[in-house]
Amino acid sequence: MNLAARTTRVVPSATLNVSATAKAMAAQGLDVVNFSAGEPAADTPEVVKAAAKAAITDGFTKYTPASGIDELKQAIVEKFSRDQGIHYEPSQILVSCGAKHTLYNAAQALLDPGDEVIIPAPYWVSYPDIVRLADGRPVIVETRERDGYALDPAQLEARVTPRTKALILNSPSNPTGALYTRETLEAVADVAKRHGFLVISDEIYEQLVYGETPFLSLVSAVPEIADHTLVVNGVSKAFSMTGWRIGYAGGPKALIAAMAMIQSQSTSNPASISQKAAVAALRDGTPFFKELLTDLSPKRRLMVDTLNAIPGVTCPTPAGAFYAFPNVSGVLGKRHDKGTVTTTADLATYLLHEAHVACVPGEPFGSPHHLRFTYTPTIEAIERGLKRVERAIRALT
Ligand code: PMP
Ligand code: GLU
């Protein structure tokens, strides 16, 4: 088959891939502890399910406007006003089939071949490939664990070229859990304004912060940057709705209109039933993510403390999201009876097959010394899984 060249420039999503392998092993009857999937374990809130059932009963099952229904856009306008203090018109809102689709639409609407998008590393696995799928060029700016993964504005500015179209910020970050401070946001906004590029601020883990550092949205910190910012968010994480596929964005009218046009020629509207469910989540779902945080807080502590007790592994405490991102440099280079663990991909494969524990290697996040463990499984599963990880790592020589 003679496929398009772009299919050779991208790879399948590593997070979805590991997760699918772990689920397939479990389906064969193996006791796999799955720390790979980036989704809450809790069920979708009842109030959300009730809204979806009502939508079906009421026959709200037909095409909607491609960019989303007015009622949901209004709920999103209210959400941005309440939480970010920013006032969008409904024409500045687009509802898409997940935040991943929102980002895809943004890249398609913004990039000509060779245009550059700056992405701080470690980054969520899909950012560079979404840029490549739009024939753009990802430009990676490293951040360091010892600086709390803070983006250095001078380093950012050094990578700006006449082709720079956008910067992707992700706070709280997948995979590091790091949050951007007011100082960094102000400095980044200053660079963006002076050079006239767009900031894509992916705030999908907004509600999942554990108190040490508060979440601050770019547009709350620097309201003047709103004209140059696309704020991306969604209901997947905060409301345990990963399968419902609703993401959304607020931003400059012309960009939103272009993204909506692309959506109208590709997916059409996000599922009508999911849109009604998202209205209920945004209007009545707040108590749910408070419960989610109460559930996740002790799991975060347990995960981080247990990982730190494993020889060769060090793990900072993540301030947000639900991922631990331990440094495993002390394990790389060790041997087992079938070979050497040279990369974190080797280590993740070894842990999957020897310990039946699924985690995501660091390389697809642009971070070759780390593994990512999601701490959404039960306390019992975290204890059981990490015991096996410790045993497998201690067996390396
Ligand atoms: N952004 C980040 C940082 C993510 O981790 C994810 C993964 N869920 C998404 C966007 C996309 O989420 P969804 O498509 O489920 O809304
Ligand atoms: N974003 C989640 C993760 O990083 C879900 C899978 C995906 O879409 O990447 O694991």
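Described below are features of the structure shown in this document. This one's a predicted model, so the numbers in the text were calculated from it and none came from an experiment. (Residues numbered from 1 in each chain as written. Chains lettered and ligands numbered in written order. Predicted model: local features only at pLDDT ≥ 70, side-chain atom pairs only at ≥ 80, totals over all residues. Heavy atoms only, no water.)

## Thoughts on the nonpolar core
Ranked by size, the top nonpolar core spans 122 residues in total, and within it Ile200, Leu230 and Phe373 carry the most contacts. With eight residues, the single largest contributor to this core is helix 12 (residues 286-308). Ignoring sequence-local partners within four residues, the contact set of leucine 230 consists of Ala106, Leu198, Val199, Ile200, Ser201, Ala249, Gly250, Gly251, Leu255, Ile256 and Met259. Listed in part, the six residues of the second largest apolar core include Ala22, Met25, Val32 and Ala358. (Core = buried A, V, L, I, M, F, W, Y, C linked by side-chain atoms within 4.5 Å. Buried < 20%, exposed > 50% of the residue type's maximum accessible area, 1.4 Å probe, protein only. Helix = DSSP H or I, 4+ residues; strand = E, 2+ residues; numbered from the N terminus. Contact = heavy atoms within 4.5 Å.)

## Considering the site of ligand 1
The immediate surroundings of ligand 1 are formed by 13 residues, with Ala99, Asp202, Tyr205, Ser236 and Lys237 found nearest. Aspartate 202 places a side-chain nitrogen or oxygen 2.6 Å from a nitrogen atom of ligand 1. For ligand 1, a nitrogen atom lies 2.4 Å from a polar atom in the side chain of lysine 237. Its free accessible area being 390 Å², ligand 1 has 93% of it covered by the protein chains. (Near = heavy atom within 4 Å. Polar contact = N/O pair within 3.5 Å; in protein donor to acceptor, adjacent residues only side chain to side chain. Areas by Shrake-Rupley, 256 points an atom, 1.4 Å probe, with all protein chains shown as cover.)

## Some remarks on helix 12
With 23 residues, helix 12 extends 33 Å between its outermost C-alpha atoms, agreeing within 8% with the 33 Å of an ideal straight helix rising 1.5 Å per residue. Here helix 12 has its buried residues at Phe288, Phe289, Leu292, Leu293, Leu296, Lys299, Arg300, Met303, Val304 and Leu307. Tucked inside the fold, the buried residues of helix 12 contact strand 9 (323-324), strand 14 (371-374) and helix 14 (379-394). (Expected span 1.5 Å × (residues − 1).)

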